[in-house]
Amino acid sequence: MSARKKEGGDATDTPPRTAESAAGESDVHAPARDSDDGVTWKHAVTKIRRIQQTVATPNSTDPGYVRQKQNGKLWVRERLDALLDEGSFLEVGSLTGKPVIDEKTGEMKEFIPANMIIGWGRLKGRKVFVTADDFSVRGGHADGGIQGKAAYGEALATQHKVPIIRLLDGSSGGGSVATYLSAGATYIPPLAGLGQSMTAMTTVPVVSALLGPVVGLGSAKAVTSHFSVMVKGLSQLFAAGPPVVKQATYEDLSKEALGGWEIHGRNGTVDNVAASELDAFRQIKTFLSFLPSSVFALPPVHPSSDAAGRKEEELISIIPRRRARTYDIHKLIRLIVDVDRTSGSDDGQQEGSFFEIGETWGRSVVTGFARLQGMPVGVLSSDCTVGGGALDALGSQKAARFVNLCDHFGIPLLNLVDQPGFAIGSTAERMATIRHGAAIMAALYHATVPIFTVILRRSFGVAGGALSDSGDGLNTRVAWPSADWGSLPLEGGIEAAYKRQLDAAPSPAAREKMMKDLLAKFEDVRDPIRTANVFGIEEIIDPRNTRPLACEWISHAYSDLLPPRLISRQASSAGIPEKYKL
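Everything quoted here is computed from the prediction, not taken from an experiment.

Draft legend 1. Summary view of the overall build of the protein. Summing up its helical and strand segments, the protein has 22 helices and 21 strands in all. Buried positions account for 50% of the 582 residues belonging to the protein. For the protein, contacts bridging at least 24 residues in sequence account for 72% of all contacts bridging at least 6. As presented, the protein carries roughly 27,200 Å² of accessible surface, and 55% of it is formed by carbon and sulfur atoms.

Draft legend 2. Structural detail: the confidence of the model for the protein. Looking at the protein as a whole, the pLDDT averages 87, with 87% of positions reaching at least 70. Contacts from residues 1-32, a stretch scored under 50 in pLDDT, to residues over four places away or in other chains number 90 contacts. Counting contacts from residues 342-348, a segment whose pLDDT is below 50, to residues more than four positions away or on other chains yields six contacts.

Draft legend 3. Structural view of unusual backbone geometry. With a phi close to 55 degrees, A432 is a non-glycine residue in the positive phi region. Here A432 lies in the loop between helix 15 (426-430) and helix 16 (433-446). Residue A432 is classed as partly exposed on the basis of its relative accessible area, which comes to 30%. Of note in this structure, F535 is not a glycine but carries a positive phi near 60 degrees. Locating F535 in the fold gives a position in the loop between helix 21 (528-533) and helix 22 (546-571).

Draft legend 4. Up close: the side chain of K73. Following the sequence through the fold, K73 ends up in the loop between helix 3 (63-70) and helix 4 (76-83). Residue class for K73 comes out buried when judged on its relative accessible area of 4%. A polar contact is formed between the side chain of K73 and the side chain of D169, at a distance of 3.0 Å. Setting aside chain neighbours within four positions, we find K73 in contact with Q68, R79, F135, D169, L211, G212, P213, L234 and E277.

Draft legend 5. The environment of P303, seen in detail. Of note, P303 is situated in the loop between helix 12 (277-290) and helix 13 (329-336). Of the residues examined, P303 reaches a relative accessible area of 82% and is grouped as exposed. C-alpha separation for the pair P303 and D340, spaced 37 residues apart in sequence, amounts to 9.8 Å.

Draft legend 6. Fine view of the pairing of strand 19 (residues 451-460). Of all ten residues in strand 19, ten are buried, a share of seventy percent or more. Bridging between strand 19 and strand 20 (residues 476-479) involves four bridges; their strand directions are parallel. By the bridge assignment for strand 20, I455 is matched with A479. As judged from the three bridges shared by strand 19 and strand 21 (residues 484-486), these two strands associate in the parallel manner. The residue bridging R458 from the neighbouring strand is D484, located in strand 21.

Cut-offs and rules
Numbers given to residues run from 1 along each chain, matching the order in which its sequence is written. Residue-level local features of this predicted model are given only where pLDDT is at least 70; pairs of side-chain atoms are given and counted only at 80 or more, and the full residue set underlies all totals for whole chains, interfaces and linings. With hydrogens and water stripped out, all remaining heavy atoms of the structure feed into the side-chain values. Numbered from the N terminus, helices here are DSSP runs of H or I no shorter than four residues, and strands are runs of E no shorter than two. Think of it in three bands: with a 1.4 Å probe and only protein chains considered, a residue is buried below 20% of the maximum accessible area for its type, exposed above 50%, and partly exposed in between. The contact criterion used is simple: two residues touch if any of their non-hydrogen atoms lie within 4.5 Å. All accessibility values rest on the Shrake-Rupley procedure with a 1.4 Å probe; residue burial counts only the protein chains present in the view. Scored from 0 to 100, pLDDT reflects the predictor's confidence in each residue. Polar contacts here mean pairs of N or O atoms no more than 3.5 Å apart (in protein, one a potential hydrogen donor and the other a potential acceptor; neighbouring residues in sequence count only if both atoms are side-chain atoms). Pairing between strands requires that DSSP locate at least two bridges from one strand to the other.

Spelled out as structure tokens, the structure:
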């Protein structure tokens, strides 16, 4: 008998999965003995099929399987069916597990499957590699698994240059004290396949879905990804679970309070939050649809029915004339990027191509993928409804991570700038905002992908300079008539520059009048056309022309700029592997 243990729960005796129980549930009855005709290998094939049938068929009486269902979770093979194209999964290591042989008959009387499944599959016809934890077997701990399976799978996928999808549930092969007894000794903890994971990230897209309590090694895998998504109310993430935390820090916390989506969906540990497992799979499919299968290929281009010359009248008025008023940046993005008729729709309903990454954290910054003429583009902007759009610590981390991702996989950037500057104040200083801000400055400066910058409204200070002049003058850049820029916002700058005069005013009313007079004096100077007169901005455009110009830029990028960049990368691939910035 094996002891299966739910994460954070009590150990229970769990009946192993047997060939007989599996066959009984699937109406597939294997022979009691594997008869050998002495000529063919049919007896060996029969034995192989019996094991494969055992592990592929759920045992409804198994406590681990029952708990999985009681917790509202899909079984591991149901997850594979829901994620991948129908019938496309080809398992690697389908016979891994622990057979128990009857000493009297020599027959296999039970089989304990490995708690991780790996193999090839397809997403919309595109080849991928999947590693999936089976939490119903020892909560995914190492003592219920076969060592090296996940590491082998990730190394194999890297060698074959296909994306890796991890379905995480439990510790994903991480350690358990129960291993000490079976091994007869303790051990120095190994890197446990994370080396292969980090190597994989330099070459192929790596995505992780958190589909239950993800702890220890599993949590390390979750963050060693280009994209991660957790399911609201179903998944949690922590370095150590509640029992260990209680022993160490005396905090008595539930899994959700310790590492639920409200924690990690808001601090940037996990990129996105999903409403269900199926929603998580949908997000993974969408994310991968924008990325090439490896850094040695161009991003996939899809057919688009949206005209490159489309001009949206709403863009001429979407930025309010009053500078203090806000607007909807998500709507602005949707008006520029591809909009295609929903597949199968009879009413002509439209859907945008924008897929947001990091919606629930670092919310002053907006990042995500979209398409222009069917060609993938990364979108970077800010949300003026959140902290005025100022670049804070989390927003800086989010922006830097996204720019590095786009640069790594050769996805051009559509950079929509409305940046008032770095967040200021005591909270911003405590959060080391300027330290994290340097990361996005460096990411943009060192990026080698084409960048099309549109200055929508504000561009102030160091943060504004980093976003508006990301290539040090070597990228395409235009501005809207609503643009407003400078070392400091005019209102705050006047307060600083004329502080003595303003403070010397005889009354508050006189001070306010002096401030208004000063603002009026500077109003003509802040007109962006004045900047264009001295070639301080290359071009000021009609906002309605933004999409046609962006489509012209992306077409040139994919036909003339990205291919030579790719050739250069392929030529240098024999050297030392580049490091990927997590």
